[in-house]
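# Chain and residue survey
Here's the letter readout for the chains.
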Amino acid sequence: MAKRGFPADAEKWVDLRSDTVTRPTPAMYQAMMEADLGDDVLGDEPTVARLERLAAEMVGKEAALFVPSGTMGNQIALAVHCRPGDAVLFEEEAHMLYYEVGAPGAIAGVVSWTLPSEDGGPAVEDLARHCRPASLHTPGTKLICLENSHNRKGGTVISLAKHRAYRALADERGVKIHLDGARVFNAAAAMGVEVREIAATVDTVNFCLSKGLRSPVGSLLCGSGAFIEEARIWRKRLGGGMRQSGLLAACGIVSLTQEVSRLAEDHARARRVAEAVHNLGLGANVELDRVQTNIVLIHVDDSAKWASALEAQGVLAIPFSATTLRLVFHADIDDAQADRAVQAFAKVGRS
Ligand SMILES: *Cc1c(COP(=O)(O)O)cnc(C)c1O
């Protein structure tokens, strides 16, 4: 059996920095060994083609494109949906604005309007007010970008009802919808629906294989056949054309066939740790109704201080703001490690 490839001291850490830290599963190493390979830029990569067909089918779209990262998938979507100078509506803490290094302005050249929200989903009326036709003075709104689950809001989920209301608005105004669904499989698990029910309300969706679904690399951008044809050109333009990428796609197929149903376990552990840490009453507080998927935001007096004290206890978390820590649960965190995290909070809180 293939080696798991853990660094020698990985067992020492309870790594809650992100679900991106998950290592490939033994089944993934096996799939890489056995994958049929070709050259995807030359158009004959059989394993990539299989992954793209599987992804398209699972989200209920005509086609899908394997891209190196969620960032690239999202930014390609903007470039295909919009022309420079068009306006795009975003929730104000959207990953596409917050963590993608200014790409909407730098690559697609769009104008970004931001709207506030509680749970990651802006009010339909707010979006309606900003869906404006182009005029001599104003940019025309071409696209609404959604994020579900919503990272900076703490993994919160946008309901199917709200998604459908967005769809009705977009149809009425002739605007398209792109979903940054980096963790849309988590959202679907939390809502108890199929991803394709969420995806049916949007024109295009990008989701990550490299987070809770445990692949080492990669995302899938999904949409109509014509959309994906143009997206393929943009991927090449941005330097995302890959050759024997069937090696990576082989892992992605394992993600989609073996890892989706496991996500609910991460949600249960996130919930359990959130409640335990909050109930310690030691200055680390959680808004429990916001713990809906695998992310937990913990409010403290000084997140940098807490992060380094937790690290000294072997627990890694990311300071998300001056007073917020983010914990993300994933397949490489078991119940014993979850308990260690709670004990570390207790120790740091008492010191
Ligand atoms: C991780 C993430 C992305 C894309 O991330 P990459 O690191 O570029 O793969 C996009 N949106 C959200 C909400 C994310 O959490």
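Before reading further, recall that the structure is shown in the block above.
Here is a short report on the structure shown in this document. (Residues numbered from 1 in each chain as written. Predicted model: local features only at pLDDT ≥ 70, side-chain atom pairs only at ≥ 80, totals over all residues. Heavy atoms only, no water.)

### Some points on helix 8 (residues 184-191)
Along helix 8, the positions that sit buried rather than exposed are Val184, Phe185, Asn186, Ala187 and Ala188. Summarising the contacts, the buried residues of helix 8 are in contact with helix 2 (46-59), strand 6 (176-180), helix 9 (195-199), strand 7 (204-208), helix 11 (246-259) and helix 12 (263-280). Positive phi shows up at Gly192, right after helix 8, with a value of about 70°. (Buried < 20%, exposed > 50% of the residue type's maximum accessible area, 1.4 Å probe, protein only. Helix = DSSP H or I, 4+ residues; strand = E, 2+ residues; numbered from the N terminus. Contact = heavy atoms within 4.5 Å.)

### Some thoughts on the packing of aromatic side chains
Here a ring pair, both rings aromatic, is described through the centre-centre distance and the interplanar angle of the planes. A full pass over the atoms with the stated rule returns three aromatic pairs. Residues Tyr98 and Tyr99 carry aromatic rings whose centres are separated by 5.2 Å and whose planes lie at 55° to one another, so their mutual orientation is tilted. Accessibility expressed as a relative area gives 34% for Tyr99, which makes it partly exposed. One residue, Arg132, lies across the ring of Trp113, its end atom 5.2 Å from the ring centre. Sitting over the ring of Phe320, Arg152 keeps its end group 4.5 Å from the ring centre. (Phe/Tyr/Trp six-rings, centres within 6.5 Å; stacked < 30°, edge-to-face > 60°. Lys NZ or Arg CZ within 6 Å of the ring centre and 35° of its normal.)

### Considerations on the sheet that holds strand 8 (residues 219-223)
Spatially, the seven strands line up as an open sheet ordered 2-8-7-6-5-3-4, and their pairing is mixed. The open sheet has two free edges, formed respectively by strand 2 (63-67) and strand 4 (111-115), since each of these has just one partner strand. With strand direction ignored, the average angle separating the axes of adjacent strands in the sheet is 20°. Here strand 3 (residues 87-91) runs beside strand 5 (residues 141-147); their pairing, made up of three bridges, is parallel. Its bridge partner being in strand 5, Val88 is matched across the sheet by Leu143. Along the sheet, helix 10 (residues 225-237) contacts strand 2, strand 7 and strand 8; its crossing angle with strand 2, the most-contacted strand, is approximately 20°. (Pairing = 2+ DSSP bridges. Axes fitted to C-alpha atoms, helices over the stretch in contact; angles between N-to-C directions.)

### Overview of the site of the ligand
Taken together, Ser69, Gly70, Thr71, Asn74, His95, Glu100, Glu147, Asp180, Ala182, Arg183 and Lys211 make up all the residues around the ligand. Contacts to the ligand include Lys211, whose side-chain N or O atom sits 2.7 Å from an oxygen atom. Relative to its free-state accessible area of 380 Å², the ligand is covered by the protein chains to the extent of 83%. (Near = heavy atom within 4 Å. Polar contact = N/O pair within 3.5 Å; in protein donor to acceptor, adjacent residues only side chain to side chain. Areas by Shrake-Rupley, 256 points an atom, 1.4 Å probe, with all protein chains shown as cover.)

### Points about the pattern of salt bridges
Enumeration over the complete set of coordinates arrives at 24 salt bridges. With a shortest N-O distance of 2.9 Å, Lys153 and Glu93 are connected by a salt bridge. Residue Lys153 is located in the loop between strand 5 and helix 7 (160-173), and its partner Glu93 is located in the loop between strand 3 and helix 4 (95-98); the two are separated by 60 residues in the primary sequence. Three or more residues joined by partner-sharing salt bridges are found here, namely Arg214, Glu259, Arg262, Asp266 and Asp332. (Salt bridge = Lys/Arg side-chain N within 4 Å of Asp/Glu carboxyl O.)

### What to know about the sheet that holds strand 12 (residues 324-328)
One open sheet holds the three strands; their spatial order is 9-12-11, and the pairing between them is antiparallel. Edge positions in the open sheet fall to strand 9 (295-299) and strand 11 (318-321), since each of these has one partner strand only. Taking the axes of each pair of neighbouring strands and ignoring which way they run, one obtains an average angle of 35° across the sheet. Direction of pairing for strand 9 relative to strand 12: antiparallel, over a ladder of five bridges. Looking across to strand 12, one finds that Ile298 is bridged to Leu325. Strands in contact with helix 13 (residues 303-312) are strand 11 and strand 12; relative to strand 12, the strand with the most contacts, it is inclined by about 45°.

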